[in-house]
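Each chain, written out:
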Amino acid sequence: MRDRLTSDLGVYSLSGLFSLVVFAVALAVLSRTLPGGLGSRQLVGLVVGYMLFLGAYSAAWFIYTEIDSREDI
């Protein structure tokens, strides 16, 4: 288990999970601290931006695994 978590893909997985937790906590903090709360337009913008980030992150992860699978180690 430790080998999986310390491998490159394990680090990618854990950092992706960490970014999801940070995003969820940030949304919760923003919804409580903004005077009018988090409006639906603002929420949609934040979520779409985060999804774009996840798309780029997933593409990088896929490219990395493809490169790693083609190399002779």
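Residues numbered from 1 in each chain as written. Predicted model: local features only at pLDDT ≥ 70, side-chain atom pairs only at ≥ 80, totals over all residues. Heavy atoms only, no water.

1. Looking at the overall build of the protein
Formally: Think of it this way: any DSSP run of H or I at least four residues long counts as a helix, any run of E at least two long counts as a strand, and we number them from the N terminus. Burial classes: relative accessible area under 20% of the type maximum marks a residue as buried, over 50% as exposed, and values in between as partly exposed (1.4 Å probe, protein chains only). Each accessible area is a Shrake-Rupley estimate made with a 1.4 Å probe; only the visible protein chains count as cover when residues are assessed.
For the protein, the count of helices and strands is 3 helices and 0 strands. Within the protein, the proportion of its 73 residues that are buried is 10%. Summing over all exposed atoms, the protein offers an accessible surface of approximately 5900 Å²; the carbon and sulfur share of this is 68%.

2. Here we look at the packing of aromatic side chains
Filter applied, for reference: Two aromatic rings from Phe, Tyr or Trp, using only the six-membered ring of Trp, form a pair when their centres are within 6.5 Å; if the ring planes differ by under 30 degrees the pair is stacked, by over 60 it is edge-to-face, and anything between is tilted.
Going through the model one piece at a time under the given rule, you end up with 6 aromatic pairs. For the pair Phe53 and Tyr57, a centre-to-centre distance of 5.9 Å together with 35° between the ring planes defines the contact as tilted. Pair noted here: Phe53 and Tyr57 are both in helix α3 (residues 40-70), with a separation of 4 residues, about one helical turn. Of the residues examined, Phe53 reaches a relative accessible area of 39% and is grouped as partly exposed.

3. A word on the environment of Asp8
Tracing the backbone through its elements, the reader meets Asp8 in helix α2 (residues 8-33). Taking relative accessible area as the criterion, Asp8 reaches 45% and is therefore assigned partly exposed. C-alpha separation for the pair Asp8 and Thr65, spaced 57 residues apart in sequence, amounts to 9.5 Å.

4. Digging into the side chain of Ser19
Here Ser19 lies in helix α2. Since its relative accessible area comes to 16%, Ser19 is described here as buried.

5. Here's the deal with a nonpolar patch on the surface
Condition: Here, patches come from residues exposed beyond 30% relative accessible area and free of salt bridges, joined within 9 Å for like charges and within 5 Å for nonpolar side chains (Val, Leu, Ile, Met, Phe, Trp, Tyr). Here a salt bridge means any side-chain nitrogen of Lys or Arg lying within 4 Å of a carboxyl oxygen belonging to Asp or Glu.
A cluster of nonpolar residues, Leu14, Leu17, Leu20, Val21, Val25 and Val29, forms a patch on the protein surface that exposes about 510 Å² of accessible area. Relative to the assigned elements, Leu20 resides in helix α2.

6. A closer look at the environment of Leu9
Applicable threshold: Residue contacts are defined here by distance: any two heavy atoms, one from each residue, within 4.5 Å place the two residues in contact.
Summarising the element assignment, Leu9 is placed in helix α2. With sequence-adjacent residues up to four places away left out, Leu9 is seen in contact with Trp61, Tyr64 and Thr65.

7. A look at α2
Along an α-helix, residues three or four apart share an orientation, since each turn contains 3.6 residues. Selection criterion: Working rule for helices: expected span equals 1.5 Å times residues minus one.
End to end, α2 covers 37 Å across 26 residues, agreeing with the expected 38 Å (1.5 Å per residue, within 8%). Taken together, the buried positions of α2 are occupied by Gly10, Gly16, Ser19, Phe23 and Leu27.

8. What to know about the confidence of the model for the protein
As a reminder of what qualifies: Per-residue confidence from the prediction method is given by pLDDT, with values spanning 0 to 100.
On average, residues of the protein score 83 in pLDDT, and 85% of them are at 70 or above. Ranking the elements of the protein by mean pLDDT puts helix α1 (residues 2-6) last with 64 and α2 first with 87.

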